[in-house]
Amino acid sequence: MEGLILKGVGSFYTVLDENRTEYVCKASGRFRKEGIIPVPGDRVSFQRKAGEDGRITEILPRKNLLIRPAVANVDKLVIVMAASAPKPDLLLVDKLLLQCEIAGIVPILVLNKCDERDEGLYASVLRQYAPTGYTCYGVSAHTGEGLDALKNEIKGNVCCFAGQSAVGKSSLLNAILPELSLAVGGLSRKTDRGRHTTRHAELWLAWGGALVDTPGFSLLDTETMEPEDLAAFYPEMREYADGCRFAKCLHASEPDCAVKPLLNTDSLSRERYERYLEILEELKEKRKHKYD
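Throughout this document, residue positions are counted from 1 along each chain, in the order its sequence is written. Only residues with pLDDT of 70 or above have their local features reported here, since the model is predicted, and side-chain atom pairs are shown and tallied only from 80 upward, although totals for entire chains, interfaces and linings are computed over all residues. By convention in this description, side-chain values take in all heavy atoms of the structure and omit both hydrogens and water.

## Here's the deal with the overall build of the chain
Where we set the bar: A run of DSSP states H or I qualifies as a helix once it reaches four residues; a run of E qualifies as a strand once it reaches two. Both are numbered from the N-terminal end. Classification of residues uses two cut-offs on accessible area relative to the type maximum, computed with a 1.4 Å probe and protein chains only: under 20% is buried, over 50% is exposed, and between them is partly exposed. By the convention used here, residues are in contact when the closest approach between their heavy atoms is within 4.5 Å. Note on areas: these come from Shrake-Rupley sampling with a 1.4 Å probe, and a residue is covered only by the protein chains present in the view.
Tallying secondary structure elements over the chain gives 7 helices and 13 strands in all. Within the chain, buried positions represent 50% of all 292 residues. The long-range share in the chain, meaning contacts at least 24 apart out of those at least 6 apart in sequence, stands at 65%. Only carbon and sulfur atoms are counted for the fraction: they give 49% of the accessible area of the chain, which is about 14700 Å².

As structure tokens, this is what we get:
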């Protein structure tokens, strides 16, 4: 039998078969020996045995895998920010966008809490990401603004929701699919930082696809990325890179760079470019200390 892993708790996995019947399965012992861990989103082969639900015998080929949260076969990553508080961590957003580019995941940018939005902040975020071509929605889990457009993005896709704590991911999921009844953390008055409420990744079926909330937020694993490769994952930079004098131009201090002049136009956000330089330095440091 084949099925889809909806969630894993301990060594037990909830698997949904093609008839939408759920089974609780244990993973084959050889997975541990081979260093393989089944995760939500995995398509698997499993066997039923008398007196127990089943045993996962094979994980079918994955098209991608997110490490934190551990989710496989993601079609779209919905990156949620707040249009009010907490202030968006755009460096985190840029790293999540990089992860999408690397893994072949379609990113959807969402500014939640639009019913209480800071107009200056809202306009700034839209301006910075306009040159990327990524889809961006202004929504409100409280009033329902923008939710229909977001639902259309989700239809037929496995969509993972990620972002800072307290940006309203769980509230947004509850508004889209009320039967979830997810716990909502809100903001701590003392720190203005969110309290984590999600404990593990889990798929919920919706509109021919599935939704995934994530514990905390996901960070990009850049261990295998070389500094020279970074700019190729920025849509607003890569189409101009062929015009640079050097084939491996970092678009930092090189002469005759075709990307840096874009800073004087609307084709490249100066703030996003400065964050690009920050990530570039991180990659250089990692390479410098790779064999320490």
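## Observations regarding the side chain of N157
For N157, the location among the structural elements is in the loop between helix 4 (147-154) and strand 11 (158-163). Other than its neighbours up to four places away in sequence, N157 contacts D75, K76, G209 and A210.

## Let's talk about the nonpolar core
Operational definition: The criterion is simple. A nonpolar core is a set of buried Ala, Val, Leu, Ile, Met, Phe, Trp, Tyr and Cys residues joined through side-chain atoms within 4.5 Å.
Residues L77, V93 and L109 are the most contacted members of the largest nonpolar core, which totals 31 residues. Those elements that place two or more of their residues in this core are strand 1 (2-9), strand 8 (76-82), helix 2 (90-103), strand 9 (106-112), helix 3 (119-129), strand 11 and strand 13 (209-213). With 6 residues, the top contributor of residues to this core is helix 2.

## Re the pattern of salt bridges
Here the idea is simple: oppositely charged side chains can pair when their charged atoms come close. Inclusion rule: We define a salt bridge as a side-chain nitrogen of Lys or Arg found within 4 Å of a carboxyl oxygen belonging to Asp or Glu.
Taken as a whole and judged by the stated rule, the model has 17 salt bridges. With a closest N to O distance of 3.8 Å, R117 and E145 form a salt bridge. Taken as a pair, R117 in the loop between strand 9 and helix 3 and E145 in the loop between strand 10 (135-138) and helix 4 lie far apart in primary sequence, 28 residues in all. Since its relative accessible area comes to 33%, E145 is described here as partly exposed. Several salt bridges converge on common partners, so that one network encompasses D94, E236, R272 and R275.

## Regarding the packing of helix 3 against helix 7 (residues 270-288)
Formally: Note on geometry: axes are C-alpha line fits, over the in-contact stretch for helices, and angles between N-to-C directions span 0 to 180 degrees. Roughly parallel covers angles under 35 degrees, roughly antiparallel covers those over 145, roughly perpendicular covers 65 to 115, and oblique covers all other angles. By the convention adopted, Pro, Cys, Tyr, Trp, Phe, Met, Ile, Leu, Val and Ala count as nonpolar, Lys, Arg, Asp and Glu as charged, and the other residues, Gly among them, as polar.
At a closest axis distance of 8 Å, the pairing of helix 3 and helix 7 adopts a crossing angle of 65 degrees. Accordingly, the angle class assigned to the pair helix 3 and helix 7 is roughly perpendicular. Residues R127, Q128 and Y129 of helix 3 form the contact with helix 7, whose participating residues are E271, R272 and R275. Split by residue class, the contact of helix 3 with helix 7 holds 1 nonpolar, 1 polar and 4 charged.

## Brief notes about the state of the cysteines
Every disulfide links exactly two cysteines, by a covalent bond between their sulfur atoms. As a reminder of what qualifies: The criterion for a disulfide is a pair of cysteine sulfur atoms lying within 2.5 Å.
Enumeration over the complete set of coordinates arrives at 0 disulfides. With no disulfide of its own, C114 lies 8.7 Å from the sulfur of C136, the closest cysteine sulfur. Sulfur of C244: no disulfide; nearest cysteine sulfur belongs to C249 and is 3.9 Å away.

## Some thoughts on unusual backbone geometry
Each neighbour pair has its own omega, and for A85 with P86 the value is 0 degrees, a cis peptide bond. Its location among the elements puts P86 in the loop between strand 8 and helix 2. With phi around 65 degrees, R20 is a residue other than glycine that occupies positive phi space. Residue position: R20 is located in the loop between strand 2 (12-17) and strand 3 (22-27). Look at R20 and you get exposed, because its relative accessible area is 60%. If you check the backbone angles, K113 has positive phi at about 65 degrees while not being a glycine. Tracing the backbone through its elements, the reader meets K113 in the loop between strand 9 and helix 3. By relative accessible area, K113 is classed as buried at 16%.

So far we have only geometry, and geometry alone does not tell us how the molecule works.
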